[in-house]
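What follows is the residue order along each chain.
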Amino acid sequence: MPRSVNSVASRARRKKVMKQAKGYFGRRKNVWTVAKNAVEKAMLYAYRDRKNKKRTFRALWITRINAGARLHGLSYSQFMGKVKSNGIELNRKVLADLAMNHPDAFKAIVDKVK
């Protein structure tokens, strides 16, 4: 009895990976084994960097808040401590945006917590 292989599903699986590899350089875009490895590695990087993006943005916000607070004579840790103790429930993302784009509003917050 001849061996039965599901070539329809195999072809579809390969087509899916080759479509994901579209735009890659050299053999990564048109050779199955190379493309499969490249796509797999790309997926790992994408998964890892979705986590890292949260880290890097938090670091950026902290840097911006620190710069804004130091213009008014406070360090970042002093400022955040006073914000928490005064019950101001603004997160770092919003505070960083205020420090960058709305310095008057940020100054009002600094004056309130001092």
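Everything that follows concerns the structure shown earlier in this document.
Everything quoted here is computed from the prediction, not taken from an experiment.

A.B. asks: An account of the overall build of the protein chain is requested, with residue identities and associated values reported.
C.D. replies: Along its length, the protein chain carries five helices and zero strands. Listed by position from the N terminus, the elements making up the protein chain come as α-α-α-α-α. For 114 residues, the compact-globule estimate of 2.2 N^0.38 gives 13 Å, and the C-alpha radius of gyration of the protein chain, at 26 Å, exceeds that figure by more than 25%. Dimensions of the protein chain along its principal axes, counting C-alpha atoms only, are 85 × 30 × 20 Å. When each of the 114 residues of the protein chain is scored for burial, the buried share is 20%. Considering only contacts in the protein chain between residues 6 or more positions apart, those separated by 24 or more positions represent 39%. A total of about 8800 Å² of accessible surface is found on the protein chain, and carbon and sulfur atoms cover 56% of it.

A.B. asks: Please give an account of the nonpolar core that cites residues and values.
C.D. replies: Within the largest apolar cluster, 16 residues are counted, with the highest numbers of intra-cluster contacts made by Ile65, Phe79, Met80, Leu95, Phe106 and Ile109. Going through the elements one at a time, helix H2 (32–70), helix H3 (76–85), helix H4 (92–101) and helix H5 (103–113) are the ones with two or more residues in this core.

A.B. asks: Please give an account of the packing of aromatic side chains that cites residues and values.
C.D. replies: Overall, the coordinates contain two aromatic pairs when judged by the stated rule. Between Phe57 and Trp61 the ring centres are 6.1 Å apart and the planes differ by 40°, which places this aromatic pair in the tilted class. Taken together, the positions of Phe57 and Trp61, both in helix H2 and four residues apart, correspond to about one turn of that helix. Judged by relative accessible area, which is 40%, Phe57 ranks as partly exposed.

Rules used in this analysis
- Residues numbered from 1 in each chain as written.
- Predicted model: local features only at pLDDT ≥ 70, side-chain atom pairs only at ≥ 80, totals over all residues.
- Heavy atoms only, no water.
- Helix = DSSP H or I, 4+ residues; strand = E, 2+ residues; numbered from the N terminus.
- Rg over C-alpha atoms; globule rule 2.2 N^0.38 Å.
- Buried < 20%, exposed > 50% of the residue type's maximum accessible area, 1.4 Å probe, protein only.
- Contact = heavy atoms within 4.5 Å.
- Areas by Shrake-Rupley, 256 points an atom, 1.4 Å probe, with all protein chains shown as cover.
- Core = buried A, V, L, I, M, F, W, Y, C linked by side-chain atoms within 4.5 Å.
- Phe/Tyr/Trp six-rings, centres within 6.5 Å; stacked < 30°, edge-to-face > 60°.

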